[in-house]
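Chain by chain, the residues:
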Amino acid sequence: VSDAHGPDRPLHTGRCIGGPLDGREVSVRYPIGFLAVDRVAGLAWLYRLDADGAFRLVEDGQGRTVRPLDEDGRRQVVDDPRYDVLAVDTAGGG
Amino acid sequence: MAYAPQALRWLAAGWEAAIGSAVLSGIVGDAAHVYGYHRAAAELPGSDYSRQMVGDRDGDGIDRWAADAIDISMSTTDMILVTRRLHASWRDPHDPRLDSWREVIGTLDGRTVIYMDCQTGKAGTADRSHLWHIHAGGLRRHAHDMAAMRAMLSIVVGQTYAQHAATSGIPATREDDVILLAEGPDGTLYCCDGVVSRPVEAAHRVDILHLARTGALRTAAPTGTPDPREWRSESGVWIRLGWSARVFGPPLSERVPVPVTLSDADRDAIAARLPVPPSAAAIASALVDHLRRPHTVPVPEPTPQ
């Protein structure tokens, strides 16, 4: 979370590999990664920043990279201030 | 540790319901976040910028452990749409819906970031993460204020202030302190309060417009799309065209009392032209008859000493 006052926090920029943001460069505020959410489709993808500086999809325990947008899970991420939550932009933005 | 007030969660749910791509990104800041409204006042030094304004300070009725900011992520299209709505409200001195908020950050074009200070009116910028999320930080004493949340949501969904006011019970205009700036055919500017019109001297015109622009003087504005035959904007202030004494009230200078001496004939002539309700006329007639009758005043008997 952010605001305009005080020292700028560094952003973590990397290219996304896989999922709906494949090939897109994204800048986020937390070094762990982010959750990409398509609320209309009810789907979510968890990206984690790897050592190469790329955001890679994280698989769940069953090898799936796309997960249903479970409200409880989403709230957990929202309440965990180590992740950003981005809206998947079907129009091509981010 | 800071917590997320229910009022802000309510706002997030409403925002998500109204805007297809919107998704709550966060309310409470992380430990590395060392300043601002995403942290509780109790976690921050007294020198923090988010503890300085009236409404932000200890003693202003704040919840010292509440975070009072929200981040909502959206598609680029929706970011631009909602930021433009917020920007329009922020710029409108007659729209008080952001009065309980300190700051809003977003993007008007998908490429640059705009910071809007809702208390000082100053604009600035912030980091590029605001290309994909809108940040809104409230004055701390409004962290649980549902009126503030409803006001914000009404902007987000695209309501005008008048529409919001109509559904929230708030007077759309404060009739007692809103004036109408109107311009006569000769270019004279008038401040009209519904009763009289005060002509503005040419030398003071710029001052009046400045006061109106900054909100120090609350002036009326058109609702909906203004008709260019009726309204024009000057220096960001709306001016009603086509002033006339009959419609907007006579110029104040015509109402300055001038002492005059009336003869009885003048009084009778004026009285004869005044419409007098029958009941009032009857009372006056009876009173005159009474006064014209000879009166005797009883004299008390002297009291023996």
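Within each chain, residues carry numbers counting from 1 in the order of the written sequence. In the order they appear in the text, chains get letters beginning with A and ligands get numbers beginning with 1. Confidence filtering applies because this is a predicted model: local features only for residues at pLDDT of at least 70, side-chain atom pairs given and counted only at 80 or more, and all residues used for totals across whole chains, interfaces and linings. For side-chain calculations, the full set of non-hydrogen atoms in the structure is used, while hydrogens and water are omitted.

Colleague: Residues and numbers for the overall build of chain B, please.
Modeller: We count a stretch as a helix when DSSP gives it H or I for four or more residues in a row; a strand needs E for two or more, and each element gets its number in order from the N terminus. Per the secondary structure count, chain B includes eight helices and eleven strands. Contacts were defined at the residue level, with two residues in contact if any of their heavy atoms lie within 4.5 Å. Contacts spanning at least 24 positions in sequence make up 64% of the contacts within chain B whose residues lie at least 6 apart. For the accessible areas, the method is Shrake-Rupley and the probe is 1.4 Å, while residue cover comes only from the protein chains on display. Carbon and sulfur atoms provide 57% of the accessible area of chain B, an area that totals close to 16300 Å².

Colleague: Please give an account of the environment of Met149(B) that cites residues and values.
Modeller: Residues and elements named next belong to chain B. Relative to the assigned elements, Met 149 resides in helix α3 (residues 146-156). Only protein chains enter the area calculation, which uses a 1.4 Å probe; residues under 20% of their type maximum are buried, those over 50% are exposed, and those in between are partly exposed. Accessibility expressed as a relative area gives 1% for Met 149, which makes it buried. Along the sequence, Met 149 and Leu 98 sit 51 residues apart, while their C-alpha atoms lie 9.6 Å from each other. Contact partners of Met 149, with chain neighbours within four places excluded, come to Ala 7, Leu 8, Trp 10, Leu 11, Trp 101, His 142 and Ala 143.

Colleague: Residue-level account of the packing of aromatic side chains, with values.
Modeller: Only rings of Phe, Tyr and Trp enter the pairing, Trp through its six-membered ring, and a pair is recorded when the two centres are within 6.5 Å. The plane angle decides the type: under 30 degrees is stacked, over 60 is edge-to-face, the rest tilted. Tallied over the full model, the rule gives five aromatic pairs over all chains. Measuring from ring centre to ring centre gives 5.6 Å for Tyr37(B) and Tyr49(B), while their planes differ by 85 degrees; the resulting arrangement is edge-to-face. With a gap of twelve residues between them, Tyr37(B) in the loop between β1 (23-26) and β2 (69-73) and Tyr49(B) in the loop between β1 and β2 connect regions that are remote in the sequence. With relative accessibility at 0%, the residue Tyr37(B) sits in the buried group. Take Tyr49(B): its relative accessible area is 13%, and that puts it in the buried class. Measuring from ring centre to ring centre gives 6.5 Å for Trp231(B) and Trp238(B), while their planes differ by 90 degrees; the resulting arrangement is edge-to-face. Through a chain of ring-to-ring contacts, the aromatic side chains of Phe34(A), Tyr47(A) and Phe55(A) assemble into a single cluster.

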